[in-house]
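One letter stands for each residue in the lines below.
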Amino acid sequence: MPASPSTARAINDRLALRLLQQDGPLTATQLKTLTGLSRPTVADLVDRLQDAGLVRVVGESGSDRRGPNARLYGIVADRAHLAALDVRTDSVAVAVADLLGVTLAEATLPIGSDTGTRPAVERAVAMLERTARRAGTAPLHSVGIGAPGLIDPVTGELRNTAGLPAWHGGLVKELQRRLPATVLVENETNLAAVAEHRIGAARDRDTFVLLWLGHGIGAAVMLDGKLRRGASGGAGEIGFLPVPGTSGVPSAVNCDGGFHSLVGSAAVCELAAEHGITASVSSADGAQEQDPAAAFAVRAALRVGAEGEAFLAALADRLALGAASVVSVLDPGCLVLAGEVGRAGGVVLAALVEERLARMSPLRTEVRAGTLGGGAVLRGGLFAARDAAQDALFGVGG
């Protein structure tokens, strides 16, 4: 059945808003070309969006042209703000952005292992509130939280997981209770995959697997442009994958003996030491002090000679063991080495892993280095928050 006039208007408005968000600012003529709508229809929807406070004139397309079609229309980006939190075992990072994804304020809070649950939660909430105030007076509409562990696919809540701090779950619940905003929780590696897909190494891929290489190891599965979380929210818990070369096998509550024991930060640093590579903490090459020591070891290896080459080759051997299992089951065609360690290894480490995969598997797999590093989780959290805000703020028409 044909859409009713009100439904058609809502569809057209939503299409125009998405184009303005992705490609704007745009003139009415550009909107007509991109949407395929008639000139009168575009004129009506532009007026409607301006009346709703969603769009405003932000300039003109050229000094030699005047009139309505020369006006540049853009999203009212400060109508509301978005926030993202990257929750680690020993820290919380936050970013606040406008509706176009422009970061307005950021902050990081270290949390020691001896900090109690309640103090940790209060400090993290207070940091978010301070950062939101620094960003401006616009209300905080949506918050995307990336955390390690399992997210219940039914309730969307962070599940209690052995080995993770108790304040993680407490922080999520407190934010949901205290904030007048939509609070979303997602596995950190999944958010990194969203970011690498939209603005990073996998922009041209709708099917790929992301390996997160940081303090620990994780994976995210993107098939046909959609995240696949699994029946219990645990798709990608690759740290528990049994692999050769470890001293044992993992258990249901401990990934020691699994893939984590080969490529977690501590294991990578031990491997580096065996090859005479020192993981010295330095701010060189864009490194951050909170980066895992393994990232510094990889950067150091890239700066030295034979010892560095031998270490990177050995690390690639280890990474290929877990990657081969993923490739043999999913055949994703593309593997992204993400996180701080993946970015540190860059195209050199990616090429070494790809070479080894080609020898181990008949399934052709391109290996790419992630481009966003540890910041991918915050970027993915902002994308999740922005997606959540779309329907509520851009739900116009009628």
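We now examine the nonpolar core. Looking at soluble globular proteins, one finds that nonpolar side chains tend to be buried together. Judged by nonpolar contacts, the single largest core of 42 residues is most densely connected at Phe311 and Leu337. Looking at which element gives the most residues to this core, the answer is helix H10 (residues 306–330), with ten residues. Beyond its immediate chain neighbours, meaning those up to four positions away, phenylalanine 311 contacts Val268, Leu271, Ala272, His275, Ile277, Ala297, Val298 and Ala301. With 31 residues, the next largest nonpolar core counts Ile111, Ile145, Leu179 and Ala181 among its residues.

Next up on the list: empty space enclosed by the protein. In total, this model carries two cavities of 30 Å³ or more according to the counting rule given. As a volume, the largest cavity reaches approximately 40 Å³. Taken together, Leu82, Ala97, Asp98, Gly101, Arg379, Leu382, Phe383 and Arg386 form the lining of the largest cavity. With four residues, helix H12 (residues 376–393) is the largest single contributor of residues to the lining of the largest cavity. Residues that form the lining of the largest cavity fall into these classes: four nonpolar, one polar and three charged.

Here the structure, examined in full by the defined rule, presents 19 salt bridges. A salt bridge links arginine 88 to glutamate 340; the nearest nitrogen and oxygen atoms lie 3.3 Å apart. Taken together, the residues arginine 88 in the loop between strand E3 (81–87) and strand E4 (91–97) and glutamate 340 in helix H11 (residues 339–360) connect sequence positions 252 residues apart. We classify arginine 88 as buried; its relative accessible area is 15%. Here glutamate 340 falls in the buried class, since its relative accessible area comes to 6%. The partner of aspartate 317 in a salt bridge is arginine 356, and the shortest N-O contact between them spans 2.5 Å.

Let us now look at the pairing of strand E8 (residues 208–213). Every other side chain in a regular strand lies on the same face of the sheet, so the side chains alternate between the two faces. Of all six residues that make up E8, six are buried, and the element is covered over most of its length. Of the two faces of E8, the one lined by Phe208, Leu210 and Trp212 and the one lined by Val209, Leu211 and Leu213 are each fully buried. Here six bridges tie E8 to strand E9 (residues 217–223), and the two strands are oriented antiparallel to one another. For phenylalanine 208, the partnering residue across the bridge sits in E9 and is methionine 222. Remark: three residues form the turn of the hairpin made by E8 and E9, two consecutive strands paired antiparallel.

A few words on H10. Compared with an ideal rise of 1.5 Å per residue, which puts 25 residues at 36 Å, H10 spans 35 Å between its outermost C-alpha atoms and is within 8% of the ideal. Residue leucine 321 marks the point of greatest curvature in H10, where the axis turns by about 30°. Looking at the residues trailing H10, positive phi occurs at aspartate 331, about 45°.

Rules used throughout
- Residues numbered from 1 in each chain as written.
- Predicted model: local features only at pLDDT ≥ 70, side-chain atom pairs only at ≥ 80, totals over all residues.
- Heavy atoms only, no water.
- Core = buried A, V, L, I, M, F, W, Y, C linked by side-chain atoms within 4.5 Å.
- Buried < 20%, exposed > 50% of the residue type's maximum accessible area, 1.4 Å probe, protein only.
- Helix = DSSP H or I, 4+ residues; strand = E, 2+ residues; numbered from the N terminus.
- Contact = heavy atoms within 4.5 Å.
- 1 Å grid on protein atoms, 1.4 Å probe; cavity = no way out; pocket = protein on both sides within 12 Å on 5 of 7 lines; lining within 4 Å.
- Points joined across faces, edges and corners; volume = space filled by probe spheres on them.
- Nonpolar A, V, L, I, M, F, W, Y, C, P; charged D, E, K, R; others polar.
- Salt bridge = Lys/Arg side-chain N within 4 Å of Asp/Glu carboxyl O.
- Pairing = 2+ DSSP bridges.
- Expected span 1.5 Å × (residues − 1).
- Bend = angle between axes of the 7 residues up to and from the residue.

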